[in-house]
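A closer look at the structure
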Amino acid sequence: MNYYQTKSKLISGTNYKEVMKKAERSFNKIEKKTKRQPYLRSAYFLKRKVFFNIFWKHLFDKKHAFRMERLRFFDACLELIQKSRNHPTTSENPNNKGEVLHRFYGLTKEKCKFIIQIKEIKRNDKLYLMSIFPS
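Scope of this entry: the structure provided in the associated data block. In this text the structure is predicted, and so the values were computed from the model without any measurement.

What counts, and where the lines are drawn
- Residues numbered from 1 in each chain as written.
- Predicted model: local features only at pLDDT ≥ 70, side-chain atom pairs only at ≥ 80, totals over all residues.
- Heavy atoms only, no water.
- Helix = DSSP H or I, 4+ residues; strand = E, 2+ residues; numbered from the N terminus.
- Rg over C-alpha atoms; globule rule 2.2 N^0.38 Å.
- Disulfide = S-S within 2.5 Å.
- Buried < 20%, exposed > 50% of the residue type's maximum accessible area, 1.4 Å probe, protein only.
- 1 Å grid on protein atoms, 1.4 Å probe; cavity = no way out; pocket = protein on both sides within 12 Å on 5 of 7 lines; lining within 4 Å.
- Points joined across faces, edges and corners; volume = space filled by probe spheres on them.
- Lys, Arg positive; Asp, Glu negative; His and termini not counted.
- Salt bridge = Lys/Arg side-chain N within 4 Å of Asp/Glu carboxyl O.
- Axes fitted to C-alpha atoms, helices over the stretch in contact; angles between N-to-C directions.
- Parallel < 35°, antiparallel > 145°, perpendicular 65-115°, else oblique.
- Left-handed = near helix turned anticlockwise from the far one by under 90°.
- Contact = heavy atoms within 4.5 Å.
- Nonpolar A, V, L, I, M, F, W, Y, C, P; charged D, E, K, R; others polar.
- Core = buried A, V, L, I, M, F, W, Y, C linked by side-chain atoms within 4.5 Å.

Helix and strand content of the chain: four helices and seven strands. For the chain, the N- to C-terminal ordering of α and β elements is β-α-β-β-α-α-α-β-β-β-β. Relative to a compact globule of 135 residues, whose C-alpha radius of gyration would be 14 Å, the chain shows 14 Å and is just as compact. For the C-alpha atoms alone, the extent of the chain along its principal axes is close to 40 × 35 × 30 Å.

This is how it looks when you write it as structure tokens:
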């Protein structure tokens, strides 16, 4: 596996509210750049847009402890999407043959390993950030 070294640190905070507030601040910067759906352009996918709709729905299905653990990597995730050209591990979604799942591996400034998963829908060629989790 080829890990992308980010310059971002883990989001600091002692409780869920603090971490969520800092992650929302980062997301709001992205959200203000467009009138429609927020997105980032991915270096690996030749500047195609990666949307966040599925990520927030998936995140709020989890308990507070898991959300906080995953949100700590949010800034590093944004940097990885924008700048990484490392090849992900790619597999077809076993539940839906019309989707491809890409897993990118990253390291924060503190050398914490994490993985982000991006879903590509073959039918309309859209990319969605699905999940962030520690490795």
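Having put the structure on the table, let's press on.
With that out of the way, let us pick up the state of the cysteines. Using the criterion set out here, one finds zero disulfides in the structure. Of all cysteine sulfurs, the one in Cys112 lies closest to Cys77, which takes part in no disulfide; the gap is 15 Å. Given the relative accessible area of 26%, Cys112 is considered partly exposed.

Moving on: the layout of surface pockets. Roughly 220 Å³ of volume is contained in the largest pocket. If you go around the largest pocket, the residues you meet are Ser8, Ser26, Lys29, Ile30, Lys33, Leu40, Asp75, Leu78, Glu79, Gln82 and Lys83. Tallying contributions element by element places helix 4 (residues 74-83) first for the lining of the largest pocket, with five residues.

Take the side chain of Arg70 next. Tracing the sequence through the fold places Arg70 in helix 3 (residues 64-71). Buried within the structure, Arg70 lacks any salt-bridge partner; its nearest side chain of opposite charge belongs to Glu69, at an N-O separation of 5.6 Å.

Moving on to the packing of helix 1 (residues 16-31) against helix 3. Remark: helix 1 packs on helix 3, axes separated minimally by 9 Å, with the N-to-C direction vectors making an angle of 40°. The angle between helix 1 and helix 3 places the two elements in the oblique class. In the crossing of helix 1 with helix 3, the sense of the turn from one axis to the other is left-handed. Counting all contacts with helix 1, which are made through Tyr16, Val19, Met20 and Ala23, the residues of helix 3 involved are His64, Arg67, Met68 and Leu71. By residue class, the composition of the contact of helix 1 with helix 3 is six nonpolar, one polar and one charged.

Next up on the list: the nonpolar core. Phe52, Trp56, Phe74, Ile116, Ile118 and Leu129 are the most contacted members of the largest nonpolar core, which has 31 residues in total. For this core, the secondary-structure elements that each account for two or more residues are helix 1, helix 2 (53-59), helix 3, helix 4, strand 6 (113-121) and strand 7 (126-134). In this structure, Ile118 is in contact with Phe45, Val50, Ile81, Val100, Leu101, His102, Phe104, Leu127, Tyr128, Leu129 and Met130, ignoring residues within four places of it in sequence.

All right, on to the pattern of salt bridges then. Taken as a whole and assessed by the stated rule, the structure comprises three salt bridges. The partner of Glu92 in a salt bridge is Lys122, and the shortest N-O contact between them spans 3.2 Å. A residue pair is termed long-range when its members are at least 10 positions apart, and Glu92 in strand 4 (residues 89-92) and Lys122 in the loop between strand 6 and strand 7 qualify at 30 residues. Accessibility expressed as a relative area gives 42% for Lys122, which makes it partly exposed. Here Glu99 and Lys119 are joined by a salt bridge, their closest N and O atoms 3.5 Å apart. With Glu99 in strand 5 (residues 99-107) and Lys119 in strand 6, the pair connects residues that are 20 residues apart, well separated along the chain. When sorted by exposure, Glu99 lands in the same class as Lys119, which is buried.

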